[in-house]
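Here are the chains, one letter per residue:
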Amino acid sequence: KHFGHSVNDDPDVVYSTWAPAPGEAVPKAGASSKLLSLRRTSRKEVQALADRGLTMYERELKELTTQLLALRKNHNSLREQRIVVEMCSTLYAGTLGASSSGAGESSPVDVPRAQGGASGAPAASVLSSLVANEFSTSSDDGVLQYIAGLMPRTVAPTFERVVFRATRGNCMVHNMPVDDEDLLDPNDPKGEAKVLKNAVLIFFSGSVLKHKLTKICKFFGLSRYILPEVSHQRRALLAEVVDQLASSTVVIDRSNHILTQMLDTVAHKWGEWSYTVGREKMTCNALNMCNFDHRRRVFVAEGWIPVDAEDALKEALAVAARKSGGETSPILNDVPTGLTPPTYLPTNKFTSAFQGLVDTYGVPKYREVNPGVFCVVLFPFLFGIMFGDVGHGALLTIFALALIAFEERIGKMALDDIGSMCFGGRYILLMNGLFAIYVGFLYNECFAVPMDLFGTRVLSDDPDAGVYPFGIDPVWHHSTNKIAFFNSYKMKLSIVVGVVHMFLGICCSLLNHIEFKSTVSIVFEFVPEVIFFLSIFGYLVFMILLKWGTVWAGGNGPMILNVLIGMFMSPGTLTEVPLFPGQAQVQLLLVALALVSVPLMLFPKPIIQYRQQMAIRAAAARSHYTMMAPDAEHGTGPMNPAAERGAGGGGAEEDEEEYSFTDEFVHQVIHTIEFVLGSISNTASYLRLWALSLAHSQLSELFWEKVMVGFALTIGPSENAVLASVKPFVFTVVWLILSFAVLMVMENLSSFLHALRLQWVEFQNKFYSGTGHAFIPFSYKSIDKPNTGDDDM
């Protein structure tokens, strides 16, 4: 029902939703909460509450996080300063050792490489003499200068090549890898990324090269650090850096402890804050969708409600008005609209999973037949035909019952995708297991072993024994023509089930035509479809049932497939044994009815609709009345705001499109071809029931005969006693693993998907459009838990 709701506007009052008081428990998922509760709260109180709580914690957390980031960066700089001093001191010590040890001894560390090559003495001797003199010269241009620092290891080779080309080889670069893997990346704003680095020491001379090298180092992200020239100054700097590192470590640990305590405090209040903010956002979002009438100074809210909930909504509005202390009571009116209402389907824990299967294909259009009702029974039955086995069905049922019994505990757990799908479809698994047990009794199979519950009637000496009470006589499982018998039985059963299933879908289309008052669709669409479908496939089912119920001499009945082919290839004649007198004439009549129904589906409906449209246009042309436009001068709009804004009623406005006879005729041609050809292909598609049922039965029998009977339950005369006692347990475990992996998992999933395809394509496309949009009620429960499809308005 589409309604309009008006409330008085008071600019000095904030209407806010309920918020839990200090110490009051926040409603949990599934708990009943108030539909709407308004209280008079001043804006100053709201702002003061925010300042005292969330704002204070937010400010302190930001300040502490910023300070901690600065401390980490400073600590990282101290570590890098220590690395530069230590590695360069080692370099100096190695260079001096090499100069004093003679030419025959090797240096304990690598000597810096001379780039560009200086002619004359080796680089080691030049560097050792400079180090011995502490790089001291009389002028700035003549002194040997250096740059020390750390850079990312990935750019170090490129840096060396650029320096060599920029200085034309007039400098020396010493590149040393650092073993520390916890150094921070200077380009990371959060200060969390780690990067491998190299220590770089560059020797050069002159102010021009210094200017060039400074720019290059800055471009490559070289972090420059102090490196004193004199050895005792380096030792003093190193001792100072070590002391500062110790102090920095203590400060960082203390800051992390304070941050952890503050986050723990916030975590205890996070649920309350999140719940309150979520309610406020939902309330404000709903208020923003209201329309304010400036002339009457009221808010006008439009929306959809179920007809059964109208009295509850009026009562809730009255209670809210009394609690808020408003001067006027809200007014609730029914608003006529041309919008298509959303689809509201009340569900519970049991039916919501089945409705989810239908909604995945498409949400039902408003007042359209809902396939979810039939899906509760038909989907598990189709699954059971393919998965029919008492033992496997019992295991599936036990698994589903376990999920249902512990659903509250499992619902609170963090499940992966497969686990959440199994838990969400626990009632589907339960119905699938029960129908698999039922069909398993029809097949008389339990883990591929026939069950003789009532005693075989075929081998009975009693002439009045009759037939087996329920299901197939177990003697057929031991007969020589077992495969041929079950192939014929399951194939014909699949055809019968498929034709009945599709005919139910055609009958559902009649309910849609009646609901939408489409007499033309009933006469020239539904009736020809029924005639065509029953003339061919209804007659096919009739022949199957008649052949099953007839005792044939010698067991040789007619081949129904040949009868159906001859019915169209040579009408009026029979190539097989007749099933009943006058069969040839009946088949000729059925073929004629099927051929006549095709043009009845194709031509009359678009022609009649075209004449109706022409009559409507002619009546409109004869009318002398026109619609009065709203008064734009006074700014008064229509009384129904939904007429000018589509989102007000919760659905898109349906603009009538220009009628086109060509489009309607093409649409009818497509529908006719799809129905005629689809009836044939859809009937053949139901043979998947036969194929998967046969595959499941044969795989079960294969595992039982080859693993259990062939190995676990068979003991050879010459086998070792120990081996004979262990072998049954081992091969029983092998049989259980194969049965679980192949039958309970793979076959289960395969049967589920094939049953879902039959439900969607072969059944629903006979009547279902799925072009609606779901009704999503305004509910605070969506804050606590996602929508499960239950009825929780």
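Located above this text is the structure these notes cover.
Quick summary incoming for the structure in this document. (Residues numbered from 1 in each chain as written. Predicted model: local features only at pLDDT ≥ 70, side-chain atom pairs only at ≥ 80, totals over all residues. Heavy atoms only, no water.)

**What about the overall build of the chain?**
So, step 1. Scanning the chain for helices and strands turns up 21 helices and 13 strands.
So, step 2. Sorting the 793 residues of the chain into buried and exposed places 39% on the buried side.
So, step 3. Partitioning the intrachain contacts of the chain with sequence separation of at least 6 by distance along the chain shows that 78% fall at a separation of at least 24.
So, step 4. Of the roughly 44,800 Å² of accessible surface on the chain, a fraction of 62% belongs to carbon and sulfur atoms. (Helix = DSSP H or I, 4+ residues; strand = E, 2+ residues; numbered from the N terminus. Buried < 20%, exposed > 50% of the residue type's maximum accessible area, 1.4 Å probe, protein only. Contact = heavy atoms within 4.5 Å. Areas by Shrake-Rupley, 256 points an atom, 1.4 Å probe, with all protein chains shown as cover.)

**Some thoughts on the environment of F486**
So, step 1. Positionally, F486 belongs in helix 13 (residues 482-515).
So, step 2. Ignoring anything within four residues of it in the chain, the contact list for F486 reads I472, W476 and H477.

**A word on the packing of aromatic side chains**
So, step 1. Throughout the structure, instances matching the rule amount to 31 aromatic pairs.
So, step 2. Ring centres of F350 and Y427 lie 5.8 Å apart, and the angle between their planes is 75 degrees; this geometry places the pair in the edge-to-face category. Of the two residues, F350 sits in helix 7 (residues 349-361) while Y427 sits in helix 12 (residues 426-443), which places them 77 residues apart along the sequence.
So, step 3. With a relative accessible area of 27%, F350 lands in the partly exposed category.
So, step 4. When the ring of W476 is compared with that of F485, the centres are 4.0 Å apart and the planes differ by 5 degrees; the resulting orientation is stacked.
So, step 5. According to the relative accessible area criterion, W476 is partly exposed, its value standing at 29%.
So, step 6. We classify F485 as partly exposed; its relative accessible area is 23%.
So, step 7. Counting every residue linked through ring pairs, the aromatic cluster contains Y361, F374, W760, F763, F767 and Y768.
So, step 8. Over the ring of Y780 we find R279; its NZ or CZ atom is 3.8 Å from the centre of that ring.
So, step 9. Geometry around Y443 places K490 over its ring, the cationic atom sitting 4.4 Å from the centre. (Phe/Tyr/Trp six-rings, centres within 6.5 Å; stacked < 30°, edge-to-face > 60°. Lys NZ or Arg CZ within 6 Å of the ring centre and 35° of its normal.)

**Overview of the packing of helix 7 against helix 8 (residues 372-386)**
So, step 1. One way to put it is that helix 7 packs onto helix 8 with a least axis distance of 9 Å and a crossing angle of 95 degrees. Between helix 7 and helix 8, the crossing angle belongs to the class labelled roughly perpendicular. Between helix 7, through F350, F354, Q355, L357 and V358, and helix 8, the contact on the second element is made entirely by G372, C375, V376, F379 and P380. (Axes fitted to C-alpha atoms, helices over the stretch in contact; angles between N-to-C directions. Parallel < 35°, antiparallel > 145°, perpendicular 65-115°, else oblique.)

**Regarding the side chain of D389**
So, step 1. Tracing the backbone through its elements, the reader meets D389 in the loop between helix 8 and helix 9 (390-405).
So, step 2. Buried and unpaired, D389 has no salt bridge, with K490 as the nearest side chain of opposite charge at 8.8 Å.
So, step 3. Beyond its immediate stretch of four places on either side in the chain, D389 contacts A436, I437, G440, E445, C446, F447, A448 and H696. (Lys, Arg positive; Asp, Glu negative; His and termini not counted. Salt bridge = Lys/Arg side-chain N within 4 Å of Asp/Glu carboxyl O.)

**Observations regarding the pattern of salt bridges**
So, step 1. Inspection of the entire model under this criterion finds 10 salt bridges.
So, step 2. A salt bridge links K197 to E80, with the nearest nitrogen and oxygen atoms 2.4 Å apart. Placement of K197 in strand 7 (residues 197-205) and of E80 in helix 1 (residues 43-101) is noted, with a sequence separation of 117 residues between them. This pair shows no difference in class: K197 is buried, exactly as E80 is.
So, step 3. K482 is the salt-bridge partner of E701, the closest N and O atoms lying 2.9 Å from each other. Highlighted residues: E701 in helix 19 (residues 687-712) and K482 in helix 13, separated in sequence by 219 residues.
So, step 4. Exposure remark for E701: the relative accessible area of 23% places this residue in the partly exposed category.
So, step 5. For K482, a relative accessible area of 12% translates into the label buried.

**Description of the pairing of strand 6 (residues 171-177)**
So, step 1. Taken across its seven residues, strand 6 has six buried, putting it largely inside the fold.
So, step 2. Sheet analysis places strand 6 next to strand 7, joined by six bridges and oriented antiparallel. By the bridge assignment for strand 7, M172 is matched with F203. (Pairing = 2+ DSSP bridges.)

**Details of helix 19**
So, step 1. Between its terminal C-alpha atoms helix 19 stretches 36 Å, which fits the 38 Å expected from 26 residues at 1.5 Å a residue.
So, step 2. Along helix 19, the largest kink reaches about 25 degrees and is centred on E705.
So, step 3. Within helix 19 the residues assigned to the buried category are R688, L689, L692, S693, L694, H696, S697, S700, F703, V707, M708 and A712. (Expected span 1.5 Å × (residues − 1). Bend = angle between axes of the 7 residues up to and from the residue.)

**Remarks on the nonpolar core**
So, step 1. Grouped together as the largest cluster of nonpolar side chains are 73 residues, with contacts concentrated most on F379, F533, L540, M543 and L689.
So, step 2. The element contributing the most residues to this core is helix 14 (residues 519-548), with 11 residues.
So, step 3. Beyond its immediate stretch of four places on either side in the chain, L540 contacts I495, I560 and L564.
So, step 4. With 17 residues, the next largest nonpolar core counts V84, L91, L150 and L183 among its residues. (Core = buried A, V, L, I, M, F, W, Y, C linked by side-chain atoms within 4.5 Å.)

**Some points on helix 15 (residues 560-569)**
So, step 1. For helix 15, the complete set of buried residues consists of I560, V563, L564, G566 and M567. The arc that holds the buried residues of helix 15, viewed along the axis, is 165 degrees, so those residues lie on one side. Across helix 15 from its buried face, at more than 90 degrees, point the exposed residues L561 and M569.
So, step 2. Next to the buried residues of helix 15 lie helix 13, helix 14 and helix 16 (583-602). (Arc of directions from axis to C-beta.)

**Some remarks on the packing of helix 13 against helix 19**
So, step 1. Packing of helix 13 against helix 19 leaves a shortest axis separation of 7 Å and a crossing angle of 145 degrees. The two elements helix 13 and helix 19 meet at a crossing, and its hand is right-handed. Here K482, I483, N487, K490, M491, S494, I495 and V497 of helix 13 come into contact with helix 19, specifically with L687, L689, W690, S693, L694, S697, Q698 and E701.
So, step 2. Taken together, the residues that form the contact of helix 13 with helix 19 break down as eight nonpolar, five polar and three charged. (Left-handed = near helix turned anticlockwise from the far one by under 90°. Nonpolar A, V, L, I, M, F, W, Y, C, P; charged D, E, K, R; others polar.)

**A closer look at unusual backbone geometry**
So, step 1. Backbone geometry places R168, a non-glycine residue, at a positive phi of 60 degrees.
So, step 2. Non-glycine residue A448 carries a positive phi angle of around 70 degrees.

**Focus: the side chain of E747**
So, step 1. Mapped onto the secondary structure, E747 falls in helix 20 (residues 721-763).
So, step 2. Of the side chains with opposite charge, K490 lies nearest to the buried E747, which makes no salt bridge, at 10 Å.
So, step 3. In this structure E747 touches F387, L692, H696, L699 and V742, once residues within four positions along its chain are discounted.

**Looking at the pairing of strand 7**
So, step 1. Among the nine residues in strand 7, eight count as buried, and that is most of the element.
So, step 2. One ladder, built from nine bridges, connects strand 5 (residues 144-152) with strand 7; its direction is antiparallel. Bridged to I147 within strand 7 is I202.

**Quick look at the state of the cysteines**
So, step 1. Per the counting criterion, the structure on display carries zero disulfides.
So, step 2. Among the cysteines around C171, which has no disulfide bond, C217 carries the closest sulfur, lying 9.6 Å off.
So, step 3. A relative accessible area of 3% means that C171 is categorised as buried. (Disulfide = S-S within 2.5 Å.)

**Some points on the environment of S535**
So, step 1. Turning to its location among the elements, S535 is positioned in helix 14.
So, step 2. Along the sequence, S535 and L593 sit 58 residues apart, while their C-alpha atoms lie 6.9 Å from each other.
So, step 3. Residues in contact with S535, not counting those within four places in the same chain, are M567, L590, L593 and A594.
So, step 4. In terms of polar contacts, S535 uses its side chain to reach the backbone carbonyl oxygen of I531, at 2.5 Å. (Polar contact = N/O pair within 3.5 Å; in protein donor to acceptor, adjacent residues only side chain to side chain.)

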